[in-house]
Amino acid sequence: MFDQSNLIYRYDGSFDGLLCCVFESYDKKEIPTEIILPDTSQTFLFTAKEIKTDIEKSSRVLASIPEKMGYDALNFIRRAFLTCAAKKELYILLFLRLGYRYGRSIMGMLTDDTVNTLFKAVKHLDNESHLLKGFVRFSIFNNVLVAQIEPKNYVLPLMTQHFSERYPEERFFIYDKTHGMALVYQPYQSAIIPIEDLELPEPDEQEQSYRELWKLFYDTIEIQGRHNPKCRMSHMPKRYWKYMTEFGSSPKKSHLKLEDTAKFLIP
Amino acid sequence: MDVFDKLKILTDAAKYDVACTSSGVNKKAAAGGIGSAAASGICHSFSGDGRCISLLKVLMTNVCAYDCKYCVNRKSNDTPRASFTPRELAELTINFYRRNYIEGLFLSSGVLKNPDYTTEQMIEALRILREEYRFFGYIHAKAIPGTDSGLIARLGMLTDRMSVNIELPSQSSLQLLAPDKSKHSILAPMKYIQNRIQENSTDIIKYRHAPKFVPAGQSTQMIIGATPDTDFQILNLTEGLYKKYKLKRVFFSAYMPVAENALLPTLDTTPPLWREHRLYQADWLLRFYGFTANELLDQQHQSFNPFLDPKCNWALHHMDFFPMNVNRAPYSDLLRVPGIGVNSAKRIVIARRLATLQFNDLKKLGVVLKRAQYFITCSGKATGNLKITQDKVLQSLMSEKTLGMYHQSFPLQSQNKQLSLFEQPSLLLSGYPQEDLQRCLTSPI
């Protein structure tokens, strides 16, 4: 029914959904040329094949991955799924097909184009999440730490552990504007929830004075005789500066009241 | 004086300290605490000079009883003075830390009254942080030469990393510029810290919860270019410190003229940044690439080649070592190829188990072929139509800017001559053995 050369899968965007695509690919002995999201507006010449998410199928695939190619590979594709790489779904499917064929050695096949593409994407993800662990800036409103980021990759799941270990007794909130999600934490429990928009309240006096102190420190620590903006830029690309206190992004005026920030936290 | 003024003065006074790493230890807060540390270290920002900001780097006080000629905080310098109270400092740290501005505190100090009194002040600030605020983040403290060892031991229990600054690379330079410090007063606390770390590591084996002494090890730093010490001496000293004192890092800082003194370079000298850069490159080669100081420099070559990095320089002097078969060569040999780094060498070792590597594969693994192609073969073959001419090789090993500088000092005189460095007297390279530079750049490849 479907011609191999123009087979398109449409899945629901979840990791389980993608695993069902893998199931389908083996079940029907076919390889898609594209795997798309339900809301992809791009019009294709050919109608896409709808892949329903079936937990029974996806859990069979999930169980088989560590068995056939090891936990490293499973951990790897989980992270690959978080990246912003183009056609990541298709590459993950092709990666798994290779994995079923070659077993554990798949993680060493670095020169294979599929594996290489995913490795680069995951490296990008890991780099970004590592940088953001440092570049996130919290403001304290009502004793809740609030931060905003705009990452390319979906890094929140990779930052959860770090910040939970860093601030075990605090309540904090990191809003990912790109993906419309937020990481919320209160002592000993965390969750990632969808959030539409976030506007920060005016900082209070104490918050404002610590911001000023930090800016003062930032400006003073530079050795003028070694000024090197290019070096700074390569270590800290400008796209991160937007939400960093030292570059004086004064928060927008907002209608959100202080006590409203508390409602984002888990009840 | 309010906290703003103090922070400004005490940051300004601390900024010439180079080390700002938060690496070397993995830990997380215990219940009721705050703070963690990652072994890789985390940079929280980068200042306008491109240096990483990881820790709140300040002095406890910039009042100083010593008069080291090269230092902004020397007694004789007319500069505003300030001191943090231990509580002010602890509060500032914890508030910066909560907002994720910093990974922890880097605390150094001028010598207030005497070394012991100063260290007691530092200990008090760290005690408030660790005990009252239950702070588990990273703390790096400077050991002040001349401090009582009992106090150093207490300081060490509160910190993750300690450092004693070597300051100047030789005893004679110290005598000249830092009359209050001696080689002995610097090396004694270094040795003491090393011994304590050693003892502590056996304690930890016996008792899992034994308190840790300086778990992230110790580091040091020295000033480059304030004294006539050569790169060879500095590199040998560095190697010695890694071996003998088990240091985690040795930092170099190009001398920024901060004082007018007949014994020092004049105020308008530019800091020898390229020299600092070459030393760091060599330092990396010592720590991660299995080179020794004597391979990189020797009695006859006391300074680094300004145009070539130490690894390329070594490779060009050892062409008998190449070309290397990437599919066979052991990891330690791969590391010696210009254009192959630690990461790409590791990837090569993994990937070649499953496939014979070709040149386009190497590119995927992150090898810089532009450099590496002159030194390697893949299954017996060199890269196709590789033209090995002097100019091509130089182009591949130097950046455009460096190549421009190189051509300035050795201009091409006419078209039919490839390089005129045989006749041209050296302008920029006075002091660098001419015939060796020629040999290294013109030896058959």
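The rules behind the values
- Residues numbered from 1 in each chain as written.
- Chains lettered and ligands numbered in written order.
- Predicted model: local features only at pLDDT ≥ 70, side-chain atom pairs only at ≥ 80, totals over all residues.
- Helix = DSSP H or I, 4+ residues; strand = E, 2+ residues; numbered from the N terminus.
- Buried ≥ 20, exposed ≤ 12 C-beta atoms within 10 Å, placed from the backbone.
- Contact = placed C-beta atoms within 7 Å.
- Rg over C-alpha atoms; globule rule 2.2 N^0.38 Å.
- Pairing = 2+ DSSP bridges.
- Axes fitted to C-alpha atoms, helices over the stretch in contact; angles between N-to-C directions.
- Core = buried A, V, L, I, M, F, W, Y, C linked by C-beta atoms within 7 Å.
- Nonpolar A, V, L, I, M, F, W, Y, C, P; charged D, E, K, R; others polar.
- Domains from an automatic or database assignment.
- Expected span 1.5 Å × (residues − 1).
- Parallel < 35°, antiparallel > 145°, perpendicular 65-115°, else oblique.
- Left-handed = near helix turned anticlockwise from the far one by under 90°.

## Quick word on the overall build of chain A
Counting secondary structure elements, chain A contains eight helices and eight strands. Each of the 267 residues in chain A was classed as buried or not, and the buried ones make up 36%. In chain A, the share of contacts with a sequence separation of at least 24, taken over all contacts with a separation of at least 6, comes to 69%.

## Looking at the overall build of chain B
From N to C terminus, chain B includes 17 helices and ten strands. In terms of overall size, chain B behaves like a compact globule, its C-alpha atoms giving a radius of gyration of 25 Å where 445 residues would be expected to give roughly 22 Å. If one aligns the C-alpha atoms of chain B with their principal axes, the spans along those axes are about 70 × 60 × 35 Å. Counting all 445 residues of chain B, 46% fall into the buried class.

## A short note on the sheet that holds strand E6 (residues 161–163) of chain B
All names here are of chain B. Strands sit in the order E3-E4-E5-E6-E7-E8 across an open sheet of six strands; the sheet is parallel. In this open sheet, the two strands that pair with only one neighbour each are strand E3 (55–59) and strand E8 (249–254). Neighbour to neighbour, the strand axes of the sheet diverge by 20° on average, direction disregarded. Bridge count between strand E7 (residues 218–224) and E8: six bridges; the pairing is parallel. From the neighbouring strand, Gln221 faces E8, where its bridge partner is Phe251.

## Remarks on unusual backbone geometry
Residue and element names in this part refer to chain B. Going from Phe322 to Pro323, the amide bond is cis rather than trans, its omega being -5°. With respect to the secondary-structure elements, Pro323 resides in the loop between helix H10 (310–317) and strand E9 (324–325). For Lys113, which is not glycine, the phi torsion reads 60° and is therefore positive. Positionally, Lys113 belongs in the loop between strand E4 (104–108) and helix H3 (115–132). Of the residues examined, Lys113 has 12 C-beta atoms within 10 Å and is grouped as exposed.

## Digging into the nonpolar core
Grouped together as the largest cluster of nonpolar side chains are 178 residues, with contacts concentrated most on A:Cys21, A:Ile92, A:Phe172, A:Ile174 and B:Ala125. Residue contributions to this core peak at eight residues, all from helix H5 (residues 113–135) of chain A. With residues near it in sequence (within four places) discarded, A:Cys21 still touches A:Tyr9, A:Tyr11, A:Ile35, A:Ile51 and A:Leu93.

## Things to note about the interface of chain A and chain B
Counting residues at the interface gives 40 residues for chain A, matched by 46 residues for chain B. Of all the secondary structure elements, the ones that give two or more residues to the side of chain A that touches chain B are H5, helix H6 (156–166), helix H7 (205–221) and helix H8 (229–235) of chain A. With eight residues, H7(A) is the largest single contributor of residues to the side of chain A that touches chain B. Across the side of chain A that touches chain B, the residue classes tally to 20 nonpolar, eleven polar and nine charged.

## Let's talk about the domain arrangement of chain A
By convention, interface size is frequently given as the accessible area that disappears when the constituent parts associate. Residue and element names in this part refer to chain A. As far as domains go, chain A holds domain 1 (4–126) and domain 2 (136–264). Its C-alpha centre places domain 1 at a distance of 33 Å from the equivalent point of domain 2. Listed by partner, the interface residues are five residues for domain 1 and five residues for domain 2. Broken down by class, the residue content of the side of domain 1 that touches domain 2 amounts to three nonpolar, two polar and no charged.

## Details of helix H8 (residues 273–288) of chain B
Think of an α-helix as turning once every 3.6 residues; residues three or four places apart then point the same way. All names here are of chain B. Between its first and last C-alpha, H8 extends 22 Å over 16 residues, near the 22 Å set by a 1.5 Å rise per residue. Residues Glu276, Arg278, Leu279, Ala282, Asp283, Leu285 and Leu286 constitute the buried set of H8. Here the buried face of H8 lies against E7, helix H7 (231–244), E8, helix H9 (293–296) and H10. The positive-phi residue at the C-terminal boundary of H8 is Gly290, with phi of around 70°.

## Comments concerning the packing of helix H2 (residues 86–98) of chain B against H3(B)
All names here are of chain B. At their nearest, the axes of H2 and H3 sit 8 Å apart, and the two run at 45° to each other. Judged by the angle between their axes, H2 and H3 are oblique. The chirality of how H2 crosses H3 is right-handed. Two secondary-structure elements touch here, H2 through Pro86, Arg87, Leu89, Ala90, Thr93 and Ile94 and H3 through Gln121, Glu124, Ala125, Ile128 and Leu129.

## Things to note about helix H1 (residues 3–12) of chain B
Of all the residues in H1(B), the buried ones are B:Lys6, B:Leu7, B:Ile9, B:Leu10, B:Thr11 and B:Asp12. In this fold, the buried residues of H1(B) make contact with H7 of chain A together with E3 of chain B.

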